[in-house]
Amino acid sequence: MNMKTVLSVCIGMSMLFSPACDDGKIYEEHISTEREGGAVSLTGYLQGVDSWPGGYSIVLAGFAGTNEYAQTAQGITPEKDGSVRMTLQGIPAEVTHIEVCAINKLRKRIATFYTVDYEETSDTLRLDMGTIDARMYGVIQSDVFDRSCTACHGGSTEPAAGLYLTEEKSYTALVGVVADQSKDSLLLVNPGNAQESFLHVMLRENVLRYDHTQIITSVNMLQLIDDWINNGANE
Ligand code: HEC
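The rules behind the values
Residues numbered from 1 in each chain as written. Predicted model: local features only at pLDDT ≥ 70, side-chain atom pairs only at ≥ 80, totals over all residues. Heavy atoms only, no water. Helix = DSSP H or I, 4+ residues; strand = E, 2+ residues; numbered from the N terminus. Buried < 20%, exposed > 50% of the residue type's maximum accessible area, 1.4 Å probe, protein only. Contact = heavy atoms within 4.5 Å. Areas by Shrake-Rupley, 256 points an atom, 1.4 Å probe, with all protein chains shown as cover. Pairing = 2+ DSSP bridges. Axes fitted to C-alpha atoms, helices over the stretch in contact; angles between N-to-C directions. Near = heavy atom within 4 Å. Polar contact = N/O pair within 3.5 Å; in protein donor to acceptor, adjacent residues only side chain to side chain. Core = buried A, V, L, I, M, F, W, Y, C linked by side-chain atoms within 4.5 Å. Salt bridge = Lys/Arg side-chain N within 4 Å of Asp/Glu carboxyl O. Expected span 1.5 Å × (residues − 1). Phe/Tyr/Trp six-rings, centres within 6.5 Å; stacked < 30°, edge-to-face > 60°. Lys NZ or Arg CZ within 6 Å of the ring centre and 35° of its normal.

A few words on the overall build of the chain. Along its length, the chain carries five helices and seven strands. Moving toward the C terminus, one meets the helices and strands of the chain in the order α-β-β-β-β-β-β-β-α-α-α-α. By residue count, 46% of the 235 residues in the chain fall in the buried class. By sequence separation, contacts in the chain at least 24 residues apart represent 62% of the contacts at least 6 residues apart. Entry remark: accessible area of the chain is about 12800 Å², with carbon and sulfur atoms responsible for 49%.

This part is about the sheet that holds strand β3 (residues 72-75). Backbone-to-backbone hydrogen bonds join strands into a sheet, with any given pair of strands oriented parallel or antiparallel. Pairing is antiparallel in the open sheet, where four strands are placed in the order β3-β2-β5-β6. Only two strands of the sheet have a single neighbouring strand rather than two, namely β3 and β6 (109-117). Each strand of the sheet is rotated relative to its neighbour by a mean of 25°, with strand direction disregarded. Note that strand β5 (residues 97-103) and β6 share seven bridges and pair antiparallel. By the bridge assignment for β6, A102 is matched with A111.

Time to look at the sheet that holds strand β1 (residues 38-47). Read from one edge of the open sheet, three strands run β4-β1-β7, paired in mixed fashion. Either end of the sheet is taken by a strand with one partner, and the two such strands are β4 (83-91) and β7 (125-133). Taken pair by pair, the neighbouring strands of this sheet meet at an average axis angle of 20°, ignoring direction. Relative to β7, β1 runs parallel, the two being bridged by seven bridges. Bridge pairing links Q47 to D133 in β7.

Neighbouring the ligand are 22 residues, the closest being C149, C152, H153, R209 and H212. At 2.8 Å from an oxygen atom of the ligand is found a main-chain nitrogen or oxygen belonging to Q181. Interatomic distance of 2.8 Å between a side-chain N/O atom of R209 and an oxygen atom of the ligand. Examining the composition of the shell around the ligand, we find that three residues originate from one element, helix α4 (residues 198-202), more than from any other.

A separate point is the nonpolar core. One finds L42, L46 and F113 to be the most contacted residues of the largest nonpolar core, which totals 57 residues. Other than its neighbours up to four places away in sequence, L46 contacts I58, I76, P78, G82, V84, V100, M129, I132 and A134. Residues V59, A61, A70 and I103 belong to the second largest nonpolar core, which totals seven residues.

Let us now look at the pattern of salt bridges. Inspection of the entire model under this criterion finds four salt bridges. Here D133 ties to R135 by a salt bridge, and the two come within 3.0 Å at their closest N and O atoms. For R135, a relative accessible area of 26% gives the class partly exposed.

Moving on to helix α5 (residues 219-230). With 12 residues, α5 should cover 16 Å at 1.5 Å per step; its first-to-last C-alpha distance of 16 Å lies within 8% of that length. When α5 is considered as a whole, its buried residues turn out to be M221, L222, L224, I225, D226, D227, W228 and I229. Contacts from the buried residues of α5 go to β6, α2 (136-148), α3 (170-174) and α4. Within two residues after α5, G232 carries a phi angle of roughly 110°, on the positive side.

Positive phi, close to 80°, is recorded for E168, a residue that is not glycine. The topology assignment puts E168 in the loop between α2 and α3. Its identity is not glycine, yet A233 carries a phi of approximately 50°, on the positive side. Note that A233 resides in the segment after α5. Residue classification places A233 among the buried residues on the basis of a relative accessible area of 0%.

Further remarks concern the packing of aromatic side chains. Taken as a whole and assessed by the stated rule, the structure comprises five aromatic pairs. Ring geometry for Y137 and Y171: centres 5.3 Å apart, planes at 80°, overall edge-to-face. Note that Y137 is positioned in helix α2 and Y171 in helix α3, a separation of 34 residues in sequence. On the basis of relative accessible area, Y137 is assigned to the buried category, the value being 5%. Look at Y171 and you get buried, because its relative accessible area is 17%. When the ring of Y171 is compared with that of W228, the centres are 6.5 Å apart and the planes differ by 70°; the resulting orientation is edge-to-face. With Y171 in helix α3 and W228 in helix α5, this residue pair connects regions lying 57 residues apart in the sequence. Overall, the relative accessible area of 2% leaves W228 in the buried class. These aromatic residues form a ring-pair network of at least three members: Y137, F145, Y171 and W228. Over the ring of F63 we find R109; its NZ or CZ atom is 4.3 Å from the centre of that ring.

Shown next as structure tokens:
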């Protein structure tokens, strides 16, 4: 076994046995303790890290090619004013780009906020990400609503069912609002209760005249919406 294997086994074991794993952010600690490999230092401002529930981590991470799972990752903990100053070391040679992103427990990328190409050198690569909005709801807006919904819900035409899912309007249109099309008068988004939210129901069950169940097929995106609702549906 080389060092790397030993290290990953250790991480695997600690993930299995650490009680903090289920609800805590597991990438808070520096997990790449190898001496070899490249290094990247990051500065800038990051907002909205606190809006993510346990199970997700906002990290500085290295990815290889099209692999959606981070090769190496370190949690980002901004100062009170949002400022970030950190270094990621021991970046493996196969890494092709560095991201500021949200990952889940399996280290799978859920959303990308900032990305740069990477090639190993002996110098530390210095990155300034500027100011980044990493709110969980911002991801739902851009990666779910803007991509898959606003074409019909208010982007350019009259919104279908009178429902605006465009930025600025989606939050007030959804949270705490009774769904017109719900037989049980569910709220579109019932903060803290995804199961009792019509947004959850209509993306999975064919309950509308226009079937919405094939629009979002990514399990991770469906999960993201549920986790956002269950965590209090913060803006
Ligand atoms: C191709 C057009 C189209 C797309 C894309 C679309 N919708 Fe709709 N949506 C409709 C139509 C039409 C209705 C009205 C259906 C009905 O009356 O049964 C509707 C109704 C709804 C309702 C019910 C509103 C209420 O008050 O009961 C919700 C919620 C909704 N859509 C959410 C979404 C979400 C979320 C997405 C993206 C994931 C989306 N829609 C994408 C056309 C669309």
